[in-house]
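Descriptive structure summary
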Amino acid sequence: MSKGKVLGEKILIQMVDHQEQVGGLFVPKNPEAKPEGIVVMHGEGKLLECGVTMPVAVKKGDTVVIADHVGDQIMIEGKRHRIIRESDILYVKNIVTGK
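Residues numbered from 1 in each chain as written. Predicted model: local features only at pLDDT ≥ 70, side-chain atom pairs only at ≥ 80, totals over all residues. Heavy atoms only, no water.

**Here we look at the nonpolar core**
Soluble globular proteins: nonpolar side chains tend toward being buried together. Rules: In this text, buried Ala, Val, Leu, Ile, Met, Phe, Trp, Tyr and Cys residues form a nonpolar core when linked through side-chain atoms within 4.5 Å. The buried label applies to any residue whose accessible area, calculated with a 1.4 Å probe on protein chains only, is under 20% of its type's maximum; exposed applies above 50%, and partly exposed to all values in between. Going along the chain from the N terminus, every DSSP run of H or I of four or more residues is numbered as a helix, and every run of E of two or more is numbered as a strand. The criterion used for residue contact is that any of the two residues' heavy atoms lie within 4.5 Å.
In this structure, Ile11, Ile13, Met15, Val39, Val56, Val58, Val64, Ile66, Ala67, Val70, Ile84 and Ile89 together form the largest nonpolar core, which totals 12 residues. Those elements that provide at least two residues to this core are strand E1 (10-15) and strand E7 (63-66). Here the element with the most residues in this core is E1; it accounts for 3 residues. With near-sequence residues (within four places) excluded, Ile11 lies in contact with Val6, Val39, Met41, His42, Val56, Val58, Arg82, Ile83, Ile84, Glu86 and Ile89.

**Details of the environment of Val16**
Inspection of the secondary structure puts Val16 in the loop between E1 and strand E2 (19-22). Along the chain, Val16 and Arg80 lie 64 residues apart, while their C-alpha atoms are 8.4 Å from each other. Apart from residues lying up to four places away in sequence, Val16 is in contact with Glu36, Gly37, Ile38 and Arg80.

**Quick word on the environment of Ile74**
Secondary-structure assignment places Ile74 in strand E8 (residues 72-76). Accessibility expressed as a relative area gives 30% for Ile74, which makes it partly exposed. Through-space distance from the C-alpha of Ile74 to that of Leu12 is 9.7 Å; in sequence the pair is 62 residues apart. Discounting residues that sit within four places of it in the chain, Ile74 has contacts with Leu12, Lys79, Arg80, His81 and Ile83.

Remember that the coordinates give geometry; whether it matters functionally is a separate question.
See below:
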């Protein structure tokens, strides 16, 4: 992965592809499924009004389910990623333990 940094409460996730290509269009395999991704990196956390930083609750490697149409989509090394806010995460599916 290219070097970079995510700031604040932002989280960079690599999207898990649940789509198939049909005649040049990408169609979801399960239209009811929410988008999923793997946490690649995250910022230090949200800065509260009192001056304390609240750390992000997810770690690199966690698999998360996110709300539809949130964040900014970007391509990194030919793979789909999204930069989202922690509040866009609906569910942590697989939690990575340890460091």
